[in-house]
Every structure is written in C-alpha cells, then in structure tokens.
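# Examining the three-dimensional arrangement
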Amino acid sequence: AYRKGGYHAVRIGDPFNGGRYIAQRKLGWGNFSTVWLAYDTKSSKFVALKIQKSAAEFAEAALHEIQVLSAIANGNPSDSKCVIRLIDQFKHSGPNGQHLCMVLEFLGDSLLRLIKHNRYKGLPLNKVRELCKSILMGLDYLHRELGIIHTDLKPENVLLVSTIDPSKDPEKSGLTPILERPEGNPNGGVVSNAIEKKLKRRARKAVAKIALRRDSMGGIKVREKKSLDGIDLRCKVVDFGNACWADQQLAEEIQTREYRAPEVILGAGYSFSVDMWSFACMAFELATGEMMFAPKCGQGFSEDEDHLARMMEFLGKMPRKVAITGSRSKEYFDRHGDLKRIRRLKFWSLDRVLVEKCNFNESDAREFTDFLSPLLDFAPDKRPTAEQSLQHPWLEIKSPNPSEEEKEDFGKLAVGMTNLQFEVGR
Ligand code: ATP
Ligand code: MG
Ligand code: MG
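Just so it is clear, the model here is predicted, and its values are computed rather than measured.

## Here we look at the site of ligand 1
- As a structural note, the neighbourhood of ligand 1 is formed by 20 residues, with G28, G30, F32, V35 and A48 the closest of them.
- Of the residues that constitute the shell around ligand 1, the class distribution is eleven nonpolar, five polar and four charged.

## Quick notes on the environment of I148
- Its place among the elements puts I148 in strand 7 (residues 148–149).
- What makes I148 buried here is the crowd of 24 C-beta atoms within 10 Å.
- Discounting residues that sit within four places of it in the chain, I148 has contacts with V68, L142, A243 and W245.

## Things to note about the nonpolar core
- Core analysis: the largest hydrophobic core is formed by 96 residues, its most contacted members being A38, V47, L49, I135, A280 and A283.
- The biggest single contributor to this core is helix 8 (residues 273–288), with eleven residues.
- Beyond its immediate chain neighbours, meaning those up to four positions away, V47 contacts Y21, A38, D40, I87, V103, L104, E105 and F106.

## Overview of the UniProt feature "binding site: ATP" (unreviewed entry) in the protein
- Cross-referencing UniProt, the feature "binding site: ATP" (unreviewed entry) maps to K50 in the present numbering.
- Its location among the elements puts K50 in strand 4 (residues 45–52).
- For K50, a count of 27 C-beta atoms within 10 Å puts it in the buried group.
- Setting aside residues no more than four positions away along its own chain, K50 makes contact with S33, V35, C101, M102 and L104.

## Considerations on the pairing of strand 2 (residues 21–29)
- Direction of pairing for strand 1 (residues 15–16) relative to strand 2: antiparallel, over a ladder of two bridges. Residue pairing for strand 2: F16 is matched across the bridge by Y21.
- Alignment of strand 2 against strand 3 (residues 33–40), held across seven bridges, turns out to be antiparallel. Each residue of the ladder has a partner; that of G28, found in strand 3, is V35.

## Remarks on the confidence of the model for the protein
- With 83% of its residues at a pLDDT of at least 70, the protein reaches an overall mean of 86.
- Taken as a whole, residues 208–230 scores under 50 in pLDDT and shows twelve contacts with residues more than four places along the chain or in a different chain.
- For this predicted complex, the interface score ipTM comes out at 0.97, while the overall pTM is 0.86.

## Here's the deal with helix 9 (residues 303–315)
- Compared with the 18 Å implied by 1.5 Å per residue over 13 residues, the 18 Å span of helix 9 between its first and last C-alpha is a close match.
- Along helix 9, the positions that sit buried rather than exposed are E305, H307, L308, A309, M311 and M312.
- Taken together, the buried residues of helix 9 touch helix 7 (262–266) and helix 11 (329–332).

## Re unusual backbone geometry
- At T151, a residue that is not glycine, the phi angle is positive and equals roughly 70°.
- Relative to the helices and strands, T151 resides in the loop between strand 7 and strand 8 (158–160).
- We note that N359 has phi near 60°; this positive angle belongs to a residue other than glycine.
- Positionally, N359 belongs in the loop between helix 12 (350–356) and helix 13 (362–372).

Thresholds applied
Residues numbered from 1 in each chain as written. Chains lettered and ligands numbered in written order. Predicted model: local features only at pLDDT ≥ 70, side-chain atom pairs only at ≥ 80, totals over all residues. Near = placed C-beta within 6 Å. Nonpolar A, V, L, I, M, F, W, Y, C, P; charged D, E, K, R; others polar. Helix = DSSP H or I, 4+ residues; strand = E, 2+ residues; numbered from the N terminus. Buried ≥ 20, exposed ≤ 12 C-beta atoms within 10 Å, placed from the backbone. Contact = placed C-beta atoms within 7 Å. Core = buried A, V, L, I, M, F, W, Y, C linked by C-beta atoms within 7 Å. UniProt positions renumbered as here; feature names shortened; annotations may be inferred. Pairing = 2+ DSSP bridges. pLDDT = per-residue confidence, 0-100. Expected span 1.5 Å × (residues − 1).

Structure below.
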C-alpha cells in the first residue's frame, strides 16, 4: 500500500541520503518494506536499499532490525562470518511519511530460488555441503559470539553471494549504473508494474545476449566444466527482522511453520537450538528438493498436531518427558505421551526416506542421516551446536565422481545462477 504510513514510492534514478544512493530497480518486497538495487556513488558499488513503511510500528521494527544488524556488523569487520552486512542507515522523508532505510550489501538469489531453479530435484551433495558450511558458520557467529537467535531460518532467508561483482564487471552482470532519472518516464516516473515488466524483459535479454555470445564463440562446454569446478557456492544468512537476543525474547510463537521446532509448537520455551532444527530442515530440502515437514490440518486434527505426527513418523516417538513439558502439551498429548487425535503413525525412518523416496544410494543416505538426525533431536539441549556441527565428518566428505547426470544438472544451475542473480523482482 503506497499510502500514508505505507511504502515509499520510488522512481528509477531517485537520489537518497543526500544523493549518495541512486535507485536502480526493484529487487523485492516484503510485509515491511520494498527493497531496491541502488548505486552507491561514494563507493562506486551496487547495494541493496531497504525502505521501510513509515507507520510507527514499522519504524519500531526497523529500529530493532538495525540494532541487530549493527551488532552483527560490529563483530564482523573482516566480513568473514556468512551473515549480511549493514553498510549504512538513514531516514528518508516522502509524501507518505518518514521511512527508515537500511543499506545492505547486494546479494544474489535466495536458496529457495536455487531449489526451484533445480526443479525441486535437490542439489548435488557437494554443493549442499558447501552451503551448509556457510550457514553453520553464520549461525555459530550469531549464537556463540553475539548471543543472537535468528528465529526465521529458511531457504528464502539465505542468499547466494554473487560470483560476479557488477561494479567491476558491468558487461557480464548486465548492470550499468543509472545516475539520474531517465527522461520521459511515463506515469510521472513512478515504477508501475508495466514498466517493471519491461525492465525485467530487458534484463533477461541482456543475460541471454551474453550466453549467446559465449555460445557463438564456441567452447561453452569446456568453459562450463571449468567454471563448474571453480564455482564455490557461498551464501549468507539474511532477514534479521525477527531475530532476538537469547535473553530478550520478544515472541512465543516464532519461525515459519515448516521450519518450526517442536518445543515452539508445545510452548516449552526455546533457545539457540531452534535455529539448529530449522537448519536441519533446510539441509534436507537442499539435498532432496522437498520440504522435510509440510503439515496440513485435517478432519479432527490441527496443523500443529499433523506437524507433531509427521515429526514422529520420521524421527521416532517423542519421549514422554519432552512431550508433556510445554504449556500447550495437554492440548495435543494424553498423559501417556501419545497424540490425542492422531492415533496411528506410519513410521518411516529418515535414511529409508532418503533411499526409497529420494533415490539416495545407501552410503549417501547413511552419512547424511548421521549428520542430520542429531540436529533433529526432540530434546533441544541434546542438539549439537553450530560449532559442534561444523566438526561433523559429513561436511568433509567429497563425493569423488559426480555422476554425468549430476554434472549436467549443476551445469544448468551454474549458468542459471548468473541469470537468476540479476533478474528483477521476485
Ligand atoms: P518480510 O515480510 O519477509 O519480513 P521484509 O519487508 O522484511 O520482508 P526482506 O525480506 O528483508 O523484506 O526483503 C524483501 C526481498 O528483497 C527479499 O525476499 C529479497 O528478494 C530481496 N532482498 C532483500 N535484501 C536483499 C539483498 N541484500 N540483496 C538482494 N536482494 C535482497
Ligand atoms: Mg523476508
Ligand atoms: Mg523481515
């Protein structure tokens, strides 16, 4: 809603913060903000400009997010921790009010897009390992050094680090900085959906052109293979709007449904280990292309109950002691620790699911299960920390000979990545 208290309408070429940042195109939006690709004239780099809605509750939320992001940036001067970096912050006054703005480093596509792009088939395990390492390094930093719980870890909130620096390589990225408002912009220059579509088309064409050029020069196959081995998938954890310090928790109900830990559903209190649960769900999804838990409500039972049932079908029965400790336990469990309204569970262990449903070979399934299942312990205190998980041997395995099929899949992925990174809108 572009009205009082709502989003700020941006036109391409609009200056921000006394002219330091120039709006280039829209990257995305959420419930709280619109996010713009902007050009930083001071550093000559592209950045992401997050412009918050102006109403008081959004301003308050932005202040909290800025507080968390500042703590994250202060402890990470060398930018080695796999978390998004806050570059600047300022206020911007517009017709709809005053908007808090965050300037963040410009990152690539989310892991959700990567999963979609790979047609929900799962990524090669070597790539999953690389991504897992980055995410765990981010979590270890947040948890151990800062005492911060992310509380909303999911594929959408982990973004790839671009393999191309658009400020150094405008041709490859298809991005050249726009420094002023283009003339003759219809609609008074406000970016309407129609213009956005046109820009999108133009961006796609630019990328297609590059691909074509490479193709016509021949040797694309060779290049692809080379770049494949070289591509070091890296990613960073983003979206700290819901993050909190472990000793200053703000909400009882946290996390996005599919990635929610059992103790949150049961109202049994939570700590850093909720992020480890979500991490495991996400690792499973990266490797298989499917969500680990996608609960639905049904006749005679709620979404929460279905969720708990699915957890137990995968991971075995929840120990009675854990099941009965939450403030909502009595709604779901009887005094024996059995679900009240879902009586028959179809047990199907994790490694069998990987083999029988996801076509893993036996040893891959065994090794991956060995990594994942401790993270999915029903007892939060028993889950390994991010620091401990980083020591797990699974992360050091190198699948020696990726199958031809796998190679080809990732070939598409690698090419697609540069495509995706600069696609407009999401
Ligand atoms: P939410 O409702 O998810 O809390 P929000 O208003 O807090 O939304 P974000 O989720 O931070 O906004 O950002 C919205 C979208 O903008 C993201 O999903 C992503 O597509 C894009 N985006 C955000 N930050 C960046 C960045 N640093 N680089 C590139 N794209 C980004
Ligand atoms: Mg978000
Ligand atoms: Mg947010």
